[in-house]
Amino acid sequence: MAASPPPGLETLFITGSTQGTHKIKTGEDLTEAQPYCFVSKQALVEEIQFKGQISDFYTLKDKLKKYAPDQVMVVWDVEEVYGNNFLVAVTEKARDAQLETYKVAAAEAAAAVEMASVSAQEEAEIAETDVQVVSRLWVSMGSEKEIKKSTVTAKRLPIQMAITRARSEFGQAFKLADRDAHDSFVDCRPFKDPNFDLRRATRDESAQLVAPLAAAHTQTAWFRPLNKGTQAEAQQLESRALLGALGAPSLKPFLADARARLEKALQQNELVDIFRDDLAVLADDDASLGNKHDNDVKELQSFSRNQFSHERVVTATHWKPGNAGVVGVSLARKQGFEERVEVAGRVHTGHVLLWSFADPITPQFALEAPQDVLTFVFNPSFPNLVLGGVGTGQLVLWDLTDPPLVNNPGSGFGVGAGVGEAGAAGAEGVSISMADGDATGSQTQHLVPCALSAIEYSHKRGITDIQWLPQRHEMTSGCRMRMEEGTGAWQSWQCCTIASDGQVLFWDVRSARKETYLSASGVSKKENRRHPTDKEATEAAELALKKDEILWVPLARLDLKKLDGSGDLSCMFLELCGIPYGAKFYAATEEGELAMVELAHVPTGGADDVSAEIAGVKFVHQWHLAAAVAMKRSPFFRDIYLTVADWSCHVWKEGVAAPMFSSPYSSERLTAGCWSPTRAGVLFLAKADGAVDVWDLADRTHEPSTTFNVGSAAVTSLSMFAQQSAQLLAAGDDQGTLHLMEIPRNLRRAPATEKAAMAAFFDREVLRVAYVQRRKEQRELEAAEAAANPEAATEAAPVQPGEGGEEEDGFDAKLEAEYSVLEASFKAELGLGGKGSEEGSRAASPRTNGDAAGEQ
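**Q** I'd love a proper account of the overall build of the protein, names of residues and values included.
**A** Secondary structure summary: the protein contains 18 helices and 40 strands in total. For the protein, the proportion of contacts with a sequence separation of at least 24, taken over those separated by at least 6, is 61%. Summed over its atoms, the accessible surface of the protein is roughly 53300 Å², and 53% of this surface lies on carbon and sulfur atoms.

**Q** Let's hear about the pairing of strand β40 (residues 738–742): which residues, and what values?
**A** Strand residues, when the strand is regular, have side chains that alternate between the two faces of the sheet. In terms of residue burial, β40 counts as a mostly covered element, since four of its five residues are buried. Here strand β7 (residues 298–303) pairs with β40 via five bridges, running antiparallel. Bridge pairing links Lys298 to Glu742 in β40. As judged from the five bridges shared by strand β39 (residues 727–733) and β40, these two strands associate in the antiparallel manner. Across the sheet, the residue bridging to Ala731 is His739, located in β40.

**Q** Which residues make up the nonpolar core, and what values go with them?
**A** The biggest cluster of nonpolar side chains holds 24 residues, and the ones touching the most others in it are Val504, Phe506, Leu558, Leu560, Phe585 and Leu599. The set of elements that each furnish at least two residues to this core consists of β23 (494–499), β24 (503–508), β25 (556–559), β26 (571–577), β27 (584–589) and β28 (593–598). Ranked by residue count, the leading element in this core is β26, at three residues. When residues no more than four places from it in sequence are discounted, the contact partners of Leu560 are Gly502, Val504, Asp568, Leu569, Cys571, Phe585, Val597 and Val617. If you look at the next biggest cluster of nonpolar residues, it comprises 19 residues, including Cys649, Leu670, Ala680 and Phe762.

**Q** How would you summarise the packing of aromatic side chains if you had to cite specific residues and measurements?
**A** Considering all chains together, one arrives at 15 aromatic pairs under this definition. Taken together, a centroid distance of 6.4 Å and an interplanar angle of 90° make the contact between Tyr36 and Phe38 edge-to-face. The class of Tyr36 is buried, set by a relative accessible area of 18%. A residue is classified by how much of its surface remains accessible, and Phe38, at 38% relative accessible area, is partly exposed. These aromatic residues form a ring-pair network of at least three members: Phe303, Trp319, Trp355, Phe357 and Phe721. Over the ring of Phe170 we find Arg165, and its NZ or CZ is 4.7 Å from the ring centre. Over the ring of Tyr581 we find Arg638; its NZ or CZ atom is 4.0 Å from the centre of that ring.

**Q** Summarise the side chain of Asp372; cite the residues concerned and give the values.
**A** Its place among the elements puts Asp372 in the loop between β11 (365–369) and β12 (373–378). For Asp372, a relative accessible area of 3% corresponds to the buried category. Within the structure, Asp372 has its side chain in polar contact with the side chain of Arg333 (distance 3.0 Å). A polar atom in the side chain of Asp372 sits 3.4 Å from the side chain of His348. Sequence-distant contacts of Asp372, defined by excluding residues within four places in its chain, comprise Leu331, Ala332, Arg333, Arg340, His348, Gly350, Gly389, Val390 and Gly391.

**Q** Give me the lowdown on the sheet that holds β23, citing residues and values where you can.
**A** One open sheet holds the four strands; their spatial order is β20-β23-β24-β25, and the pairing between them is antiparallel. The sheet is open, and its two borders are formed by β20 (463–468) and β25, each paired with just one other strand. Strand-to-strand, the axes of this sheet are offset by a mean angle of 20°, without reference to chain direction. Inspection of the sheet shows β20 paired to β23 by five bridges, in the antiparallel sense. Across the sheet, residue Ile466 finds its bridge partner in β23, namely Thr497.

**Q** Which residues make up helix α14 (residues 754–788), and what values do they have?
**A** Here α14 is 35 residues long and its end C-alpha atoms lie 51 Å apart, about the 51 Å a rise of 1.5 Å per residue gives. Buried within α14 are the following residues: Glu754, Met758, Phe761, Phe762, Glu765 and Val769.

**Q** Account for the pattern of salt bridges, with residues named and values stated.
**A** Opposite charge on two side chains permits them to pair, given that their charged atoms come into close proximity. Inspection of every chain in the model, using the stated rule, returns 22 salt bridges. Of the charged contacts in the structure, one is a salt bridge between Lys562 and Glu591, with a shortest N-O distance of 3.3 Å. Of the two residues, Lys562 is situated in the loop between β25 and β26 and Glu591 in the loop between β27 and β28; the sequence distance between them amounts to 29 residues. On the basis of relative accessible area, Lys562 is assigned to the partly exposed category, the value being 21%. Among the residues examined, Glu591 registers a relative accessible area of 37% and is labelled partly exposed.

**Q** If you had to explain the sheet that holds β27 to someone new, which residues and values would you point to?
**A** Strand order across the open sheet formed by four strands is β26-β27-β28-β29, with antiparallel pairing between neighbours. Every interior strand has two partners, whereas the edge strands, β26 and β29 (616–622), have only one. For this sheet, the mean angle separating the axes of adjacent strands, direction not counted, is 20°.

**Q** Lay out the side chain of His22 with the relevant residues and their values.
**A** Along the chain, His22 falls in helix α1 (residues 16–22). Not counting residues up to four positions away in its chain, the partners in contact with His22 are Val39, Ala43, Leu44, Glu47 and Phe57.

**Q** Account for the pairing of strand β4 (residues 86–89), naming residues and giving values.
**A** Here β4 shows two buried faces, one formed by Phe86 and Val88 and the other by Leu87 and Ala89. Two strands pair when backbone bridges link them, and strand β1 (residues 9–12) and β4 are joined in this way by four bridges, in the antiparallel orientation. Its bridge partner being in β4, Leu9 is matched across the sheet by Ala89. Note that strand β3 (residues 71–76) and β4 share three bridges and pair antiparallel. Looking at the pairing, Val75 lines up with Leu87 of β4.

Reading the values: the criteria
All chains use their own residue numbering, which begins from 1 and follows the written sequence. Totals for whole chains, interfaces and linings use all residues, but because this is a predicted model, local features are given only for residues with pLDDT of at least 70 and pairs of side-chain atoms are given and counted only at 80 or more. Side-chain measures here rest on the full set of heavy atoms in the structure, leaving out hydrogens and waters. Secondary structure elements are defined from DSSP: runs of H or I of at least 4 residues count as helices, runs of E of at least 2 residues count as strands, and each element is numbered from the N terminus. Contact criterion: two residues are considered in contact whenever any of their non-hydrogen atoms come within 4.5 Å of each other. What sets the accessible areas is the Shrake-Rupley method with a 1.4 Å probe; for residues, cover comes only from the shown protein chains. Each residue gets one of three labels from its accessible area relative to the maximum for its type: buried under 20%, exposed over 50%, partly exposed in between, using a 1.4 Å probe on protein chains only. Strand pairing requires that DSSP identify at least two bridges connecting the strands. We define a nonpolar core as any set of buried Ala, Val, Leu, Ile, Met, Phe, Trp, Tyr and Cys residues linked to one another through side-chain atoms lying within 4.5 Å. Note on aromatic contacts: the rings of Phe and Tyr and the six-membered ring of Trp form a pair at centre separations within 6.5 Å, being stacked when their planes are under 30 degrees apart, edge-to-face when over 60 apart, and tilted otherwise. Only Lys NZ and Arg CZ are tested; either one counts as a charge over a ring when it is within 6 Å of the ring centre and within 35 degrees of the ring normal. Polar contacts here mean pairs of N or O atoms no more than 3.5 Å apart (in protein, one a potential hydrogen donor and the other a potential acceptor; neighbouring residues in sequence count only if both atoms are side-chain atoms). The angle between two axes is taken between their N-to-C directions and runs from 0 to 180 degrees, where each axis is a line fitted to C-alpha atoms and a helix contributes only its stretch in contact. Here the expected span of a helix is defined as 1.5 Å times the quantity of residues minus one. The salt bridge definition used is simple: a Lys or Arg side-chain nitrogen within 4 Å of an Asp or Glu carboxyl oxygen.

Structure below.
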């Protein structure tokens, strides 16, 4: 049992983070020679007020208030004699006693050092006065014989070895990079080699009249005991025996018989590669057509944690940029409309989990939010910045590099002190971490947002999609897109969010924090706000800044109205296009529509005072029957888009009013979809029964090329990750489980001409859509004319053979004349009949312009 500390001293356990804060870190600030220091009393009191009961000094709260001096003495208990690692003096008497103790110990140590130096000096003087040793003649006692007997004498010359390297290889530049553990993994297992079972001592021997050594090779991996090195000598016949063999009558027939077979064998050896693997060659040929043996999608790993995934559905999955071993998922409660109405207005903790391949049981991070997270994205320039959209319409920002503070596990989401009427939840810089884990010692770091947008200036409904602005693009405060010229590195700071409230909001991440607020406020400061709400939000943010607070409001907003003015356009997903591609975005709505919205922008190379009005919604096409669940741009063609909804998917092209490809209706409702990152014509469509259909448009368009099952629950999210050696599909389901699927080689390796073939396919489909549209308009016009004049339509008689229609049938008559000439020449060449027979045949089966037109 630990001893009680002296009166006036309190034993205390101080964590490493607290030691670093007050500069009392053991081994660095405090040593065994100097185990004490002084800490400001004011700093300790402020920490107790800020942290409360989780502060290491909370137990000394009352005693520190009674302590008069400004500095508090903290002593490092090296041996932990009193049970903890530190002692704190809470009275002046105890402080003075400890100082006196250390002063006495320091004086004794100085006296001991002085005595040691005096003793060393005296010993040196004595050594100098010693009598010099006189050498005597050595007398052999037999020891040299023992030494000679134990000495090993070499019986052969040492082996010489020279290691060389080209001079050009010295001093070359190199680059070090990180590599994941699962890449280039080599499993070296021990095995028994029968060739080295025998142990032989090395010995020197010599022999004479031995034939030269012959080198032999085998083509087998079977470790069968055999002699791989042999010594042989050719048997020579005597001269008389040799002459007898050459003159034998059976030699000539043998050579005549073996010559043909020998020549055939030699020719086969020249033409056929006997070392080629025929099965490997067949596999390469079948790869482009779908090799049956390499067509299975395998599940590598599944991630689930009951603490977070119970009664949750995966709403989004994304891979962390620059790190192949980390994937994130956002989770939301599985509730219907009535259940959500019942709990509306209550704070509920939502999560974004970051899973690492190194630990499939415990997530690496658990990012907390005040509501269910519907979508999230990583910053492409700074992957440690994570943006999330919650059900309240607010935008959430997490920073994985923020130093966390310790809190009690399971306390749930704690709203910071910065929440008021403005709705700015979470004081700037607040980041609470909680640790929970399993028996293996793995822990999950819980982080709350470092910034949360003001709720009254955010979306009125849940955010369903977040898109970072294209490279070198930014949105001004006047809601105009601008592109900066240059080729240097570009950092992405601005993004846009969309929700079904009919608004698109543009945000600047730098305005969410104090240290970067000024750099964000300088972006197009002279431009006036176009939207009245933006002006009000700007004034509120400036007022909060004067109070030394941060109010995160959108940079600009854009209202989306239907073309007929009947209401707002409820968009769910969007894909942005930069200024070189028209400064616009395509959006999929909750009514199954595809809309194109033009954005006001500053022309490239134009002046800043160029004013351009917002073009707004350009067109809206209705093709789906239900709300869209996914919208993706093709990674190979910037003008090709995929929309997924209800029981089918559509492939669109910019400038075309109808989809180029529409999949047949599926037996199950579609829930997600994405493009293949390595093959231009491959689509992945998730279904409600837990299966995923793979469409290879280069192979077939009437049915999926293959289907594989992910699980029994509906797949709600798909995300692809591709690298040189593998391709992974992250699939989240409505049970809160994340599945990692490995894509086979034939679905990730693209033939050399696939991109060109798909470009030609899309061009043909564009022509087909245009033709169908023309025919539709023509038929509608004919129907309108028939409805306007029904009597003329009923009295109109069909065109009889040989009557009228010369202008309409002129092309058909020309083709008929060419066919008659070709038929006559063909019969003349074959001698099938003369002029009479030809005329007879024509009389027997007369052709008219109408018949010719029908046949053509």
